[in-house]
Amino acid sequence: MFTRRAALAVALAALGSGALPTAPATAAAHPRSPATAPVAVLPRPTGRHSVSTRSLPLTDFGRTDPFASRPGPRKLMVQLWYPTGSPAPAPHPRNPAVPYTDPGTAAALEADWGMRPGVLKGVGTHARAGGRPAPGARSAVVLSHGRGASRILTSGLAEELASHGHLVAAVDHTYDAAAVRFPDGRLVLGALPAEPDDWDAQDRLEVAVRAADLRCVADALGRRRRPLAGVAVHRIGLLGHSLGGAAAAEAMRTDRRFVAGLDLDGGLFGTTVPETGLDRPFLLLTSSPDHETWANWRAHHRSWGRHLHLAGGGHLSATDVPALADAAGLRERWPEPLFSDYLGTIAPHRAATVTRACTTAFFDRFLLGLHRPLLDAPGHRHPELRFLWTRGT
């Protein structure tokens, strides 16, 4: 799964270009009408806090964006999810949950990812707009999406972490993300090559830019005056999916403000971490049993570490995609083996349950100092979770 030519971005680029069929003939002959199409709802957060969210632009004037067509500073969008109190309020027409995303981003993602048009408009979320953060200093988790994806595709995981007391700052890596909507109305589409001539050089470039994006978010979170989240942040962790996992590892290697990192099924391309290891806690949660970059990292890691395998998982099992798959018509629209490779055989609710439990346990432990036995040894509550490697207690 982790050969570079099998990257999700390549497969989706082919899907969107028409090089792969968008649906079998039987499905095309009897399309599901909007009236009968299912509506996707993200799994409800399990923490005691209600959750609010807002999105903010962020400009790094210290860098020139290497991907922009015109020279200028690097510009990002960051979405914050944060706890506002407890318990979570019941749904109310005057304070509805926020939309999953804006129409332009939704249309771009649906087209690029071969989803049923209009499906993202109806995705049910659990966070409300605005709202004051719960008082007190916060831990923060900075989140990096996969290549060609979007910050919104890990919204369910962000809501879960926020419900347990963490601030989550999910960054859209501009020109890498499928689409990024800025407050002035601009919609910036992804512009990175699907199959570059030199994958090694491209990986190094993209991971370096992403790691700098994560450091930029940390700068904004740590500002003494008008911090990005409006509250003081005292400990910062990193969470990345796919290439975002490599970016998280590289950002940890280059910046000691990040005290712990979690890689969701990301091959460690574009970084020297497999050869150097890390000296702070790092967790791999993967759908494949092993990969060369992971084996090298394990051999050189110098702190608490775990490599956990989600049996039956696919590359997208840690994202919202399994919860969206039925409503988006992905089984009909994605040819085999694309569907099984990226969504696996595990039931969507189990994939979400196990991923959320591991992620929350990790950041509760290393950002809040709360011991969670889930990461100590295999347990009967999560039989899909295999412990492949452990270091530290």
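For the structure, check the block above.
Residues numbered from 1 in each chain as written. Predicted model: local features only at pLDDT ≥ 70, side-chain atom pairs only at ≥ 80, totals over all residues. Heavy atoms only, no water.

A.B. asks: So what about the sheet that holds strand β5 (residues 167-172)? Which residues, and what values?
C.D. replies: With mixed pairing, ten strands are arranged side by side in an open sheet as β3-β1-β2-β5-β4-β8-β9-β10-β11-β12. The sheet is open, and its two edges are formed by β3 (128-129) and β12 (385-391), each paired on a single side. With five bridges connecting them, strand β2 (residues 73-85) and β5 associate as antiparallel partners. Within β5, the residue paired with W81 across the bridge is V168. Seen against the sheet, helix α6 (residues 243-254) touches β4 (138-144), β8 (233-241), β9 (258-264) and β10 (282-286) and runs at an angle of roughly 145° to β8. Packed onto the sheet, helix α12 (residues 348-368) meets β4, β8, β9, β10, β11 (305-310) and β12 and runs at close to 170° relative to β9. (Pairing = 2+ DSSP bridges. Helix = DSSP H or I, 4+ residues; strand = E, 2+ residues; numbered from the N terminus. Contact = heavy atoms within 4.5 Å. Axes fitted to C-alpha atoms, helices over the stretch in contact; angles between N-to-C directions.)

A.B. asks: Go over the pattern of salt bridges with me, naming the residues and quoting the values.
C.D. replies: Charged atoms that come close allow side chains of opposite charge to pair. Across all of its chains, the model carries 19 salt bridges by this definition. Measuring nitrogen to oxygen at the nearest pair gives 2.7 Å for the salt bridge that ties R63 to D60. Take R63: its relative accessible area is 19%, and that puts it in the buried class. Here D60 falls in the buried class, since its relative accessible area comes to 16%. In this structure, a network of salt bridges that share partners links the residues D60, R63, D65, R74 and D213. (Salt bridge = Lys/Arg side-chain N within 4 Å of Asp/Glu carboxyl O. Buried < 20%, exposed > 50% of the residue type's maximum accessible area, 1.4 Å probe, protein only.)

A.B. asks: Outline the packing of helix α4 (residues 155-163) against α12, supporting the account with residue identities and numerical values.
C.D. replies: The interhelical angle for the contact between α4 and α12, taken along N-to-C directions, is 45°, at an axis separation of 10 Å. When the axes of α4 and α12 are compared, the pair comes out oblique. Between α4 and α12 lies a crossing whose hand is right-handed. Two secondary-structure elements touch here, α4 through G156, L157, E160 and L161 and α12 through T355, R356, T359, T360 and F363. Split by residue class, the contact of α4 with α12 holds three nonpolar, four polar and two charged. (Parallel < 35°, antiparallel > 145°, perpendicular 65-115°, else oblique. Left-handed = near helix turned anticlockwise from the far one by under 90°. Nonpolar A, V, L, I, M, F, W, Y, C, P; charged D, E, K, R; others polar.)

A.B. asks: Any chance you could break down the packing of helix α5 (residues 199-221) against α6 for me, citing the residues and the numbers?
C.D. replies: Interaxial distance between α5 and α6 falls to 8 Å at its minimum, and their mutual angle equals 65°. The handedness of the crossing between α5 and α6 comes out as right-handed. The residues of α6 that touch α5, namely those facing E206, V207, R210, A211, L214 and R215, are L243, G244, A246, A247, A248, E250, A251 and T254. For the contact of α5 with α6, the class distribution of residues is eight nonpolar, two polar and four charged.

A.B. asks: Could you give me a rundown of the packing of aromatic side chains, with the residues and numbers involved?
C.D. replies: Scanning the entire structure with this criterion turns up six aromatic pairs. For the ring pair F362 and F366, a centre distance of 5.2 Å and an interplane angle of 55° mean the geometry is tilted. Taken as a pair, F362 and F366 lie in helix α12 at a separation of four residues, close to a single helical turn. A network of ring pairs unites the aromatic residues W304, F362, F363 and F366 as a single cluster. (Phe/Tyr/Trp six-rings, centres within 6.5 Å; stacked < 30°, edge-to-face > 60°.)

A.B. asks: Got a sec to walk through the nonpolar core? Specific residues and values, please.
C.D. replies: With 37 residues, the main nonpolar core has V217 and L221 as its most contacted residues. Contributing elements (two or more residues each) for this core: β2, β4, β5, α5, β8, α6, β10 and α8 (292-300). Element by element, the count of residues in this core is highest for α5, at seven residues. With near-sequence residues (within four places) excluded, V217 lies in contact with L58, V78, V142, A169, V171 and L228. (Core = buried A, V, L, I, M, F, W, Y, C linked by side-chain atoms within 4.5 Å.)

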